[in-house]
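# Fold and geometry: a report
Now for the letters of each chain:
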Amino acid sequence: MSLPGSIRRRSNMLVVLLAVFTLIVSGVVPLGRIGAPPPVAAATLDVCPSGCDYSTIGAAVAAAGPGDVIEIGPGTYNENLSLGSTLALRGTGAAASDVVIDGGGAGWAIATSFGAAVVIENLTVTGGTGSEGGGIGPFGNVTLIDVRVTGNAATNGGGVANKAGTLTITGSTIDGNSATSNGGGLYLSDGSQATVTNSTISGNWTVEGDAISSSGGGIYTVGGATTLTMTNVTVANNSSGFAGGIIQTTSSITARNSIFAGNTGGDCSANGGFFPSGSSHNLVQGSSFCPGLADDPGSLTSVDPLLGPLQDNGGPTPTHALAPGSPAIDVANASEALGFNTFAPPLPAAITFSDGVNGAAIVNDGSQDVLRTHAPAFTSGSAFLTESLRIDRD
């Protein structure tokens, strides 16, 4: 006996539903896969003073979803931003100075909260104030690329602070910031995991001016689980009542190919402890309180690196160039160089960075990057690039 068409269709549908239910219960088909929406692609939101989707960064942040990128056109943005999700802020100017976020002394210029995963690139952060990290901070996972943090103030970490998160700083400059307590430029605590590469920490200070109340004019780290790894970093001309350059307090700092010089109150301090093994090829102008930081044969102590002023030397942010005859020239560990693929004329040529590939290398000699070629056809003499090269990061 045949069932009527409508009853047959309902009966078949019931069988299918029962079969699907059986598969779910038995664990064959995960429940989340049935009817799950496809992932949403990250969006790019444009900000500029006029003619873009948004005229303020704050409005774009409010509209952005997790993983979105906010591209910011040249201009000064008087804003106090709060970031708490996965987001990227990217300046589109030719240099970091073209895009400025100015907190105006009204609070953090960029406040980052727990759960934040933020990338900030190619812009300047200034005018921020706060308890910890007046310019940028103090929580979450934060990456700074080609960023200048200048003219900010806080109780701890006038420029940047990070607590219990991760902080990655590359190709950036933290200068001219102040703290009333510790860490005029950079403050790390509560198990923060920080990496600073190819960057400059200069001209920051703590206000109190005595060893009891303040220290670490450039960098202050505290907490047994807090770590800082520095490669090709210049820490210069900072000031504090004690350890004007850098100080670790029950924390761990490892530095390579870095310069600590001209800091008022001392270039560095282990605060009664030791810098861990692994630091090498550093120049410390005054090393009385820096056991372990410059003890290896490749390091230099009690010498003047002959740093030039903090200025535009051709990179995205200001740096200290080495004067001719500087003892820091050609003493860096070449293994810390960044290799890239072999290139050939005509110029300009695209270069894709790739570790361990022969052709050429950028070696940081303490305060500036030097391009050295070692292509097979190059045997002796000097090589000069007469046209600019576009450099693409992998």
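Parameters and conventions
- Residues numbered from 1 in each chain as written.
- Predicted model: local features only at pLDDT ≥ 70, side-chain atom pairs only at ≥ 80, totals over all residues.
- Heavy atoms only, no water.
- Helix = DSSP H or I, 4+ residues; strand = E, 2+ residues; numbered from the N terminus.
- Buried < 20%, exposed > 50% of the residue type's maximum accessible area, 1.4 Å probe, protein only.
- Contact = heavy atoms within 4.5 Å.
- Areas by Shrake-Rupley, 256 points an atom, 1.4 Å probe, with all protein chains shown as cover.
- Salt bridge = Lys/Arg side-chain N within 4 Å of Asp/Glu carboxyl O.
- Core = buried A, V, L, I, M, F, W, Y, C linked by side-chain atoms within 4.5 Å.
- Polar contact = N/O pair within 3.5 Å; in protein donor to acceptor, adjacent residues only side chain to side chain.
- Phe/Tyr/Trp six-rings, centres within 6.5 Å; stacked < 30°, edge-to-face > 60°.
- Pairing = 2+ DSSP bridges.
- pLDDT = per-residue confidence, 0-100.

## Observations regarding the overall build of the protein chain
Scanning the protein chain from N- to C-terminus turns up two helices and 36 strands. A burial count over the protein chain gives 44% of its 394 residues as buried. When contacts within the protein chain are restricted to residue pairs at least 6 apart in sequence, those whose partners lie at least 24 apart make up 62%. Carbon and sulfur atoms form 57% of the exposed surface of the protein chain, whose accessible area is close to 17800 Å².

## Concerning the pattern of salt bridges
What the rule picks out here adds up to four salt bridges. Salt-bridge contacts for K163 lead to E132; the nearest nitrogen and oxygen are separated by 3.2 Å. With K163 in strand 15 (residues 160–163) and E132 in strand 10 (residues 129–132), the pair connects residues that are 31 residues apart, well separated along the chain. Assigned by exposure class, K163 and E132 land together as buried. D175 is paired through a salt bridge with R148; the nearest N and O atoms lie 2.9 Å apart. Placement of the pair is D175 in strand 17 (residues 173–175) and R148 in strand 13 (residues 148–150), with a sequence separation of 27 residues. Classification of D175 as buried rests on a relative accessible area of 6%. Of the residues examined, R148 reaches a relative accessible area of 24% and is grouped as partly exposed. Each member of the salt-bridge network shares a partner with another, and the members are E71, R90 and E121.

## Digging into unusual backbone geometry
Cis geometry is adopted by the peptide bond preceding P138, which originates at G137 and carries an omega value of 5°. Secondary-structure assignment places P138 in strand 11 (residues 136–138). For N237, which is not a glycine, the phi torsion comes out positive at approximately 60°. For N237, the location among the structural elements is in the loop between strand 23 (227–236) and strand 24 (246–249). Even without being a glycine, N257 presents a positive backbone phi close to 50°.

## Focus on the nonpolar core
Membership of the largest hydrophobic core comes to 53 residues, with the highest contact counts inside it found for I70, L89 and M230. Tallying contributions element by element places strand 23 first for this core, with four residues. Apart from the residues lying within four places of it in its own chain, the contact partners of M230 are V196, I219, V235, I246, I253, T254, A255, R256, S258 and F260.

## Considering the side chain of S240
Of note, S240 is situated in the loop between strand 23 and strand 24. A polar contact is formed between the side chain of S240 and the backbone nitrogen of S215, at a distance of 3.5 Å. Setting aside residues up to four positions removed in sequence, S240 forms contacts with T206, S214, S215, G216, G217, T264 and G265.

## Some remarks on the packing of aromatic side chains
Taken as a whole, this structure holds two aromatic pairs when the rule is applied. Between F114 and F139, the ring centres sit 4.2 Å apart and the planes meet at 25°, which makes this aromatic pair stacked. Of this pair, F114 sits in the loop between strand 7 (110–112) and strand 8 (117–121) while F139 sits in the loop between strand 11 and strand 12 (141–145), and the two are 25 residues apart along the sequence. Geometrically, the ring pair formed by Y187 and Y220 is stacked, given 5.6 Å between the ring centres and 5° between the ring planes. Within this pair, whereas Y187 is found in strand 19 (residues 186–189), its partner Y220 is found in strand 22 (residues 219–222), the two being separated by 33 residues in sequence.

## Points about the sheet that holds strand 14 (residues 153–156)
Within the open sheet, the four strands sit side by side as 10-14-18-21. Their pairing is parallel. The strands lining the two open edges of the sheet, one partner per strand, are strand 10 and strand 21 (205–206). Note: strand 14 against strand 18 (residues 178–182), three bridges, orientation parallel. Bridge pairing in strand 18 links A154 to A179.

## Thoughts on the confidence of the model for the protein chain
Residues of the protein chain with pLDDT of at least 70 account for 72%, and the chain-wide mean is 79. With pLDDT under 50 throughout, residues 1–34 is counted as low confidence; its partners more than four residues away or in other chains account for nine contacts. The low-confidence segment residues 338–394, where pLDDT is below 50, has 108 contacts with residues more than four positions distant or belonging to other chains.

## Re the pairing of strand 12
The pairing of strand 8 with strand 12 spans five bridges and is parallel. Bridged to A117 within strand 12 is N141. In this sheet, strand 16 (residues 166–170) lies alongside strand 12 in parallel orientation, the contact comprising five bridges. Within strand 16, the position partnered with I145 by the bridge is T170.

## Looking at the environment of I174
Tracing the sequence through the fold places I174 in strand 17. Residue class for I174 comes out buried when judged on its relative accessible area of 1%. Considering only alpha carbons, one finds I174 and G203, 29 residues apart in sequence, at a separation of 8.4 Å. With residues near it in sequence (within four places) discarded, I174 still touches V149, V160, I169, G185, T200, I201, S202 and N204.

## Observations regarding the side chain of Q248
Tracing the backbone through its elements, the reader meets Q248 in strand 24. Within the structure, the side chain of Q248 is placed 3.1 Å from the backbone nitrogen of I253, a separation counted as a polar contact.

## Comments concerning the environment of S189
By secondary structure assignment, the location of S189 is in strand 19. With relative accessibility at 2%, the residue S189 sits in the buried group. Sequence separation between S189 and G224 is 35 residues; the distance between their C-alpha atoms is 8.8 Å.

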